[in-house]
Amino acid sequence: MENKVSITELGDPSKPHGEAGAEMLKEMNEHHSSVTTWALGFLDVKNGESILDIGCGGGETLRRLSEMNVSGKLTGVDHSEVSVTLSKEHNIDDVSSGKMEIVKGSVEKLPFEDNTFNKIITVESFYFWPEPS
C-alpha cells in the first residue's frame, strides 16, 4: 500500500515552498475564510490607517483589509518567497498602485521602523513563529 503525501505536507505550512506550497496557500485563502472574518471583526479598521499583516501567506487577508481600508496603506510580510509572490499576484492592483507592499522578512526581525503601523494582524501563523512570546 502506497502512502499518499498531502498537499499540506508537501507544501510545508510553516514555510511554503514550490508548486505544492503555492497550491496549499491558495487553499488556505479559502479554508481560513471564517477565522479571517472573525479576526477582522475585532480589528476596528478605520479608513486611512496603516496596517501590517504578519505571515500574509496567500494574501487573502490583505485583500479583505483593502476593501475595509480604501485609502489606507497595507503591508504584508512573510518569510516564504512563494508566499510573497502569491500575495503580490493575489493583490496585483493594490501592489501596482502603491497602496500595498508585500515584502520578505521574518517575524523575529521585522524590516520596519517602530510605530510604522496603526494596527497589526496575523491569521493562522502565530504557531509557526520561532518564539511566539
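Quick caveat: nothing in here was measured; it's all calculated off a predicted structure. (Residues numbered from 1 in each chain as written. Predicted model: local features only at pLDDT ≥ 70, side-chain atom pairs only at ≥ 80, totals over all residues. Heavy atoms only, no water.)

### Looking at the packing of aromatic side chains
To be explicit about the condition: Working definition: rings of Phe, Tyr and Trp (its six-membered ring) pair if their centres are within 6.5 Å, and the pair is stacked with planes under 30 degrees apart, edge-to-face with planes over 60 apart, and tilted otherwise. Numbering of helices and strands runs from the N terminus, with a helix taken as a DSSP run of H or I at least four residues long and a strand as a DSSP run of E at least two residues long. Note on classification: 1.4 Å probe, protein chains only; a residue is buried when its accessible area is under 20% of the maximum for its type, exposed when over 50%, partly exposed between these limits.
As enumerated under the stated definition, the model contains three aromatic pairs in all. On the numbers, 4.9 Å between centres and 70° between planes, the contact of Trp38 with Phe42 is edge-to-face. Of the two residues, Trp38 and Phe42 are both situated in helix H3 (residues 33-43); the distance of four residues between them amounts to about one turn of the helix. By relative accessible area, Trp38 is classed as exposed at 57%. Judged by relative accessible area, which is 61%, Phe42 ranks as exposed.

### Let's talk about helix H5 (residues 81-90)
This is how the line gets drawn: Note on contacts: a residue pair qualifies if any of its non-hydrogen atoms lie within 4.5 Å across the two residues.
Turning to H5, its buried residues number three or more, namely Val82, Ser83, Val84, Leu86 and Ser87. Those residues of H5 hidden inside the fold are in contact with helix H2 (18-31), strand S2 (73-78) and strand S3 (100-104).

### Points about the packing of H3 against helix H4 (residues 60-68)
Convention followed: Axes, fitted as lines to C-alpha atoms, cover a helix only where it is in contact. Angles between the N-to-C directions of the axes lie from 0 to 180 degrees. Any angle between 65 and 115 degrees counts as roughly perpendicular, while under 35 counts as roughly parallel, over 145 as roughly antiparallel, and the rest as oblique. The crossing is said to be left-handed when, going from far helix to near helix, the turn is anticlockwise and less than a right angle, and right-handed when the turn is clockwise. Charged means Asp, Glu, Lys or Arg here, nonpolar means Ala, Val, Leu, Ile, Met, Phe, Trp, Tyr, Cys or Pro, and polar covers whatever is left, Gly included.
Contact pair H3 / H4: the axes reach a minimum separation of 11 Å and the direction vectors enclose 40°. In terms of orientation, H3 and H4 fall into the oblique class. Our pair here, H3 against H4, has a crossing hand that is right-handed. For the pair H3 and H4, the contacting residues are Ser33, Thr36, Thr37, Leu40 and Leu43 in the first and Thr61, Arg64, Leu65 and Met68 in the second. Here the residues of the contact of H3 with H4 are counted per class, giving four nonpolar, four polar and one charged.

### Here we look at the pattern of salt bridges
Operational definition: In the sections that follow, a salt bridge refers to a side-chain nitrogen of Lys or Arg positioned within 4 Å of a carboxyl oxygen of Asp or Glu.
Following the criterion strictly, the structure yields five salt bridges and no others. Measuring nitrogen to oxygen at the nearest pair gives 2.6 Å for the salt bridge that ties Glu60 to Arg63. Taken together, the residues span about one helical turn, with Glu60 and Arg63 both in helix H4 at a distance of three residues. Ionic contacts of the salt-bridge type, sharing partners, join the residues Glu60, Arg63 and Glu67 into one network.

### What to know about the side chain of Ser66
Under the convention used in this document: Here a polar contact is taken to be a pair of N or O atoms separated by no more than 3.5 Å, where protein atoms must pair a possible hydrogen donor with a possible acceptor and residues adjacent in sequence count only if both atoms sit in side chains.
Mapped onto the secondary structure, Ser66 falls in helix H4. One polar contact links Ser66 to Lys99, side chain to side chain, over a distance of 2.8 Å. The residues contacting Ser66, other than those within four sequence positions of it, are Leu74, Asp94, Lys99 and Met100.

### Some details on the pairing of strand S1 (residues 50-54)
For a regular strand, side chains alternate in direction, first toward one face of the sheet and then toward the other. The test is simple: Handedness of a crossover is defined as follows: orient the strands so they point away from the viewer, and if the path from the first strand over the helix to the second runs clockwise, the crossover is right-handed. Paired strands are those between which DSSP finds at least two bridges.
Burial runs high along S1: five of the five residues are buried. What you see with S1 is no split at all: Ser50, Leu52 and Ile54 on one side and Ile51 and Asp53 on the other are buried throughout. In this fold, the crossover linking S1 to S2 by way of H4 has right-handed handedness. The pairing of S1 with strand S4 (residues 119-121) spans three bridges and is parallel. Within S4, the residue paired with Ile51 across the bridge is Lys119.

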